[in-house]
Amino acid sequence: QVQLVESGGGLVQPGGSLKLSCEVTGNIESRHVMGWYRQAPGKQRELVAAIFSHGGTNYGDFVEGRFTISRDIAYNSVYLQMNSLKPEDTAVYYCNVRGLVSRADYWGQGTQVTVSS
């Protein structure tokens, strides 16, 4: 089975940076996408960033160049480097893996990111 565990969240001041990590274990199908989603109170979960098995990436419209998603070669971990953080970035951030053939979704437990002075 696939297991995802996020870490790296915390409290940061506006304009600051955080790097989130997601440790992935289990067998992942070769065609997949890894991503980060977030959910703030009173809002629906939204895509932050995604990276495909071939290396292609995409980002939510609100990112505007501030965040970078990456993964290690063995797909053991996926990262989200977040710079120039804003208070509206405050949310629980979730790691996700989706099989492009099976359409199976796997989620981590989430890590809290709070941007406040």
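Our subject is the structure that appears above.
What counts and how
- Residues numbered from 1 in each chain as written.
- Predicted model: local features only at pLDDT ≥ 70, side-chain atom pairs only at ≥ 80, totals over all residues.
- Heavy atoms only, no water.
- Pairing = 2+ DSSP bridges.
- Helix = DSSP H or I, 4+ residues; strand = E, 2+ residues; numbered from the N terminus.
- Buried < 20%, exposed > 50% of the residue type's maximum accessible area, 1.4 Å probe, protein only.
- Core = buried A, V, L, I, M, F, W, Y, C linked by side-chain atoms within 4.5 Å.
- Contact = heavy atoms within 4.5 Å.
- Axes fitted to C-alpha atoms, helices over the stretch in contact; angles between N-to-C directions.
- Lys, Arg positive; Asp, Glu negative; His and termini not counted.
- Salt bridge = Lys/Arg side-chain N within 4 Å of Asp/Glu carboxyl O.
- Polar contact = N/O pair within 3.5 Å; in protein donor to acceptor, adjacent residues only side chain to side chain.
- Phe/Tyr/Trp six-rings, centres within 6.5 Å; stacked < 30°, edge-to-face > 60°.
- Lys NZ or Arg CZ within 6 Å of the ring centre and 35° of its normal.

Draft legend 1. Representation of the pairing of strand β8 (residues 77–82) in the model. As defined by bridge partners, strand β3 (residues 18–25) adjoins β8 across six bridges and the pair is classed as antiparallel. Residue pairing across strands places Lys-19 opposite Gln-81, the latter belonging to β8. By the bridge criterion, five bridges tie strand β7 (residues 67–71) to β8 in an arrangement that is antiparallel. Pairing of Phe-67 across the sheet is with Met-82, part of β8. The turn joining β7 and β8, which pair antiparallel and follow one another in sequence, is formed by five residues; a positive phi near 60° is taken by Tyr-75.

Draft legend 2. Molecular detail of the pairing of strand β4 (residues 32–39). Burial within β4 is extensive, with seven of its eight residues counted as buried. For β4 and strand β9 (residues 91–99), the ladder comprises eight bridges, and the chain directions are antiparallel. Bridge pairing links Gln-39 to Val-92 in β9. Between β4 and strand β5 (residues 46–52), which pair antiparallel one after the other, the connecting turn spans six residues, and Gly-42 there sits at a positive phi close to 80°.

Draft legend 3. Region of the structure containing the nonpolar core. Of all hydrophobic cores here, the largest spans 26 residues; its most connected members are Trp-36, Val-48, Val-78, Leu-80, Met-82 and Tyr-93. Of all the elements in the fold, those that place two or more residues in this core are β3, β4, β5, β7, β8, β9 and β11 (111–115). Every residue in contact with Leu-80, bar those within four places of it in the chain, is listed here: Leu-18, Lys-19, Leu-20, Trp-36, Val-48, Ala-49, Phe-67, Thr-68, Ile-69 and Tyr-93.

Draft legend 4. Region of the structure containing the sheet that holds β8. Across the sheet, four strands lie side by side as β1-β3-β8-β7; this open sheet has antiparallel pairing. Each edge of the sheet is formed by a strand with only one pairing partner; in this case those strands are β1 (3–7) and β7. Across the sheet, the mean angle from the axis of one strand to that of its neighbour is 15°, orientation sign disregarded.

Draft legend 5. Broad picture of the side chain of Glu-6. In this structure, Glu-6 sits in strand β1. Buried Glu-6, no salt bridge; nearest opposite-charge side chain is Arg-45, N-O distance 7.7 Å. There is a polar contact of 2.7 Å between the side chain of Glu-6 and the backbone nitrogen of Cys-95. Among the polar contacts made by the side chain of Glu-6, one reaches the main-chain amide nitrogen of Gly-110 at a distance of 2.8 Å.

Draft legend 6. Representation of the packing of aromatic side chains. Tallied over the entire structure, the rule returns one aromatic pair. Look at Tyr-37 and Trp-107: their rings are 5.1 Å apart centre to centre, the planes differ by 65°, and that puts the pair in the edge-to-face class. Taken as a pair, Tyr-37 in strand β4 and Trp-107 in strand β10 (residues 105–107) lie far apart in primary sequence, 70 residues in all. Judged by its relative accessible area of 14%, Tyr-37 falls in the buried class. The exposure class of Trp-107 is partly exposed, given its relative accessible area of 34%. Over the ring of Tyr-79 we find Lys-19; its NZ or CZ atom is 4.8 Å from the centre of that ring. Stacked on the ring of Tyr-94, the Lys or Arg Arg-45 has its end atom at 3.9 Å from the ring centre.

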